[in-house]
There are 2 protein chains.
Amino acid sequence: MADNDISRAELDEIYAFAIQLGKDAGRMLMAAAQARMGDAGSSIQKAHVQKMNAVDLVTETDEDVEAYIKSQITARYPAHQFVGEESYSKGSSRDYLIDDAPTWCVDPLDGTVNYIHLFPMFCVSIAFIHRSKPLIGVIYAPFLNQFFAACQGRGAWFNDSQALPLVRNPVPPMPEKAPAGCVFSCEWGKDRKDAPDGNMARKVESFVNMAAELGGRQGRGGMVHGVRSLGSATLDLAYVAMGSFDIWWEGGCWEWDVAAGIAILLEAGGLVTTADPPHPNEDTAPIEEVRLGSRLYLAIRPAGDSPTETGRQSQERTVREVWKRVRNLDYNRPGA
Amino acid sequence: MADNDISRAELDEIYAFAIQLGKDAGRMLMAAAQARMGDAGSSIQKAHVQKMNAVDLVTETDEDVEAYIKSQITARYPAHQFVGEESYSKGSSRDYLIDDAPTWCVDPLDGTVNYIHLFPMFCVSIAFIHRSKPLIGVIYAPFLNQFFAACQGRGAWFNDSQALPLVRNPVPPMPEKAPAGCVFSCEWGKDRKDAPDGNMARKVESFVNMAAELGGRQGRGGMVHGVRSLGSATLDLAYVAMGSFDIWWEGGCWEWDVAAGIAILLEAGGLVTTADPPHPNEDTAPIEEVRLGSRLYLAIRPAGDSPTETGRQSQERTVREVWKRVRNLDYNRPGA
């Protein structure tokens, strides 16, 4: 076995370690949240620090939990690399840093705004990546009591015992007229610059195309079944793996926001590619595998075969129909 | 005691009955959802029926649960009136039907689209109304294990023992620059007509105003902390009562979508008024009490006093700041 090979047994052991780590870290998040509720609140309320702007708050808890996760990983797997949201954000580089080495990619607290406001959609997200592929993903949303985990070759799981996607015998194909009939998940994000053709304007134009009645918007109307925004890219992906969201389209988040979710979604049978539409070749351009550091993501839920299409074909058809309705976003990045 | 008076003891008894009814109905919803998951799925999957359009699906479960709730209420309180989402929708009238008599207003399944896709944000919503005031509200989201309940004079509660709002000693005032710093909850809804100045266009314009950077949008930019869309008006209101969402602005939903949530939010200390801005008198127009059948709602979370303002003053200030950023929506309705 070459130095950077990982055996099945070793991967399973890393998976068990990651599951325990995710549960412990999630409990830390919840304990700190509970300390802010009710009578115990004022005395131990955490101070918040401001980063870029008012939308981009980071809590002390965030840093504490990342330090805990990093120390546990370093103690157990000293040779592995570590990329965490908090430590990365404090660094000066915005380059994509993940290479072929075994790497942990961690968001100690995804849905920070939700967490600050105690809206339950927050979670810890832990991924193990090897040769640039997310092989293990663990997501724990402690206020929801929802735990998601997957390891390549071991299936994707909700709350330890429910296989994902939830509906699975058979897994439904994508709707015939997708995006019509689909639940569309998207995020407004932090980039709120009011520029006529800026990212916010392009996102909103894309959302409206997906939402509008069929035939509307010069034929771009997608008449999705619902538009949802949770404020957590990680949980968006978890719900795509569940099959609850059909389509997630997003630009601007980072590898630690998506690595665990991608591992879980791929193991559940989903498809993840780029949010960036290959105008004007939406019908013919290759559907590339997602690049983890691209900051541009399009995810499609697990889909089963129909009499006329394989599940993969219906996913790819949906990707192309989304591409026809969305704008290119500007999130260039060195190294990705 | 006059015929239509309700004593404290009687109201408490009705509250206990409503709590049990909500828990039982929620368990029915969850049992039917679970039957669609995993191996048990295909054989007992419920048939869906189409109403107005693809976005407006109604499940058999919806009807079964409403029939169950109605039968329980009729058996226990035969003199009370009943307005339920399913039975109303099948009737020919679109008038507002609630008068001063004791009335139950029920949505057996709020978040129907979520339920169809097994996204956990669905719930049962039961309100008891007297003299046109929602006095009791019970909301149960069984897939989230989240239960909300309130009765006038008895406080508002999460999962039976946690008082609402969650942060309460002290309850934080509204942010100084609200809507900046606020989590803004809104819904795309079912009305997706692509008309240049239709409801969808007006909603989206309002959402973008609330989201855009301060100074943007000709001064209308609100730079909210986050924009959230859950697909359940009932749960939106529950999270406003929790204090997790600061502002909910919505047009188009109905009294059974909001009655229980309003009861809970008011008991928690929130403010509910109309979504309809009194242009150009946003700064001076009276802030009227919500009209239950108005289909136009603006809710503000519970807020505590600051050194310079009462909680109520900070809520009213927030109402006026929202009104300056949102459009009037067209949801006229007889009787409301």
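Here the structure is a predicted model, which means the values were calculated and not measured.

### Side note on the packing of helix α6 (residues 199–211) of chain A against helix α6 (residues 199–211) of chain B
Look at α6 of chain A against α6 of chain B: their axes get within 12 Å of each other, and the N-to-C directions meet at 155°. Taken together, the axes of α6 of chain A and α6 of chain B are roughly antiparallel relative to one another. Note on packing geometry: the crossing formed by α6 of chain A with α6 of chain B is right-handed. Counted together, M200, V204, V208 and A211 of chain A of α6 of chain A and M200, V204, V208 and A211 of chain B of α6 of chain B form the full contact between these two elements. Partitioning the contact of α6 of chain A with α6 of chain B into residue classes produces 8 nonpolar, no polar and no charged.

### Brief notes about the interface of chain B and chain A
Contacts between the two partners involve 58 residues from chain B and, on the opposite side, 59 residues from chain A. Buried area between chain B and chain A, summed over both chains or domains, comes out near 4,800 Å², and the portion from carbon and sulfur atoms is 62%. Counting the contacts that link chain B with chain A gives 0 salt bridges. Where chain B touches chain A, the interface holds 21 residue pairs in polar contact (both at pLDDT 80 or more). Of all the secondary structure elements, the ones that give two or more residues to the side of chain B that touches chain A are α5 (112–117), α6, β11 (226–228) and α7 (233–242) of chain B. Ranked by the residues each element gives to the side of chain B that touches chain A, the list is headed by α6 of chain B, at 5 residues. Partitioning the side of chain B that touches chain A into residue classes produces 31 nonpolar, 16 polar and 11 charged.

### Thoughts on the sheet that holds strand β9 (residues 162–163) of chain A
All names here are of chain A. Overall, mixed pairing links the 7 strands, which are arranged β3-β4-β5-β6-β7-β8-β9 in an open sheet. Of all strands in the sheet, those bounded by a partner on one side alone are β3 (81–84) and β9. Summarising the sheet, β3 and strand β4 (residues 103–110) pair through 4 bridges and their orientation is parallel. Looking across to β4, one finds that G84 is bridged to V106. Packing of helix α1 (residues 8–36) onto the sheet brings it into contact with β4, β5 (123–130), β6 (133–141), β7 (146–151) and β8 (156–158), and relative to β6 it is tilted by some 30°. In the packing of helix α3 (residues 60–76) onto the sheet, contacts are made with β3, β4 and β5, and the angle to β4 comes to roughly 155°.

### Digging into the environment of S306 of chain B
Residues and elements named next belong to chain B. If you trace the backbone, S306 turns up in the loop between β14 (296–300) and α9 (311–323). What makes S306 partly exposed here is its relative accessible area of 21%. C-alpha separation for the pair S306 and G226, spaced 80 residues apart in sequence, amounts to 23 Å.

### So, the pattern of salt bridges
Counted according to the given criterion, the structure contains 38 salt bridges over all chains. With its nearest N and O atoms 3.8 Å apart, the salt bridge here joins R76 of chain B to E13 of chain B. On the criterion of sequence distance, the pair formed by R76 of chain B in helix α3 (residues 60–76) and E13 of chain B in helix α1 (residues 8–36) is long-range, its members being 63 residues apart. Owing to a relative accessible area of 42%, R76 of chain B belongs among the partly exposed residues under this scheme. On the accessibility criterion, E13 of chain B (40% relative accessible area) is partly exposed. The network of salt bridges with shared partners includes D197, R202, E205 and R327 of chain A.

Criteria and thresholds
- Residues numbered from 1 in each chain as written.
- Chains lettered and ligands numbered in written order.
- Predicted model: local features only at pLDDT ≥ 70, side-chain atom pairs only at ≥ 80, totals over all residues.
- Heavy atoms only, no water.
- Axes fitted to C-alpha atoms, helices over the stretch in contact; angles between N-to-C directions.
- Helix = DSSP H or I, 4+ residues; strand = E, 2+ residues; numbered from the N terminus.
- Parallel < 35°, antiparallel > 145°, perpendicular 65-115°, else oblique.
- Left-handed = near helix turned anticlockwise from the far one by under 90°.
- Contact = heavy atoms within 4.5 Å.
- Nonpolar A, V, L, I, M, F, W, Y, C, P; charged D, E, K, R; others polar.
- Buried area = accessible area lost by both parts, 1.4 Å probe.
- Salt bridge = Lys/Arg side-chain N within 4 Å of Asp/Glu carboxyl O.
- Polar contact = N/O pair within 3.5 Å; in protein donor to acceptor, adjacent residues only side chain to side chain.
- Pairing = 2+ DSSP bridges.
- Buried < 20%, exposed > 50% of the residue type's maximum accessible area, 1.4 Å probe, protein only.

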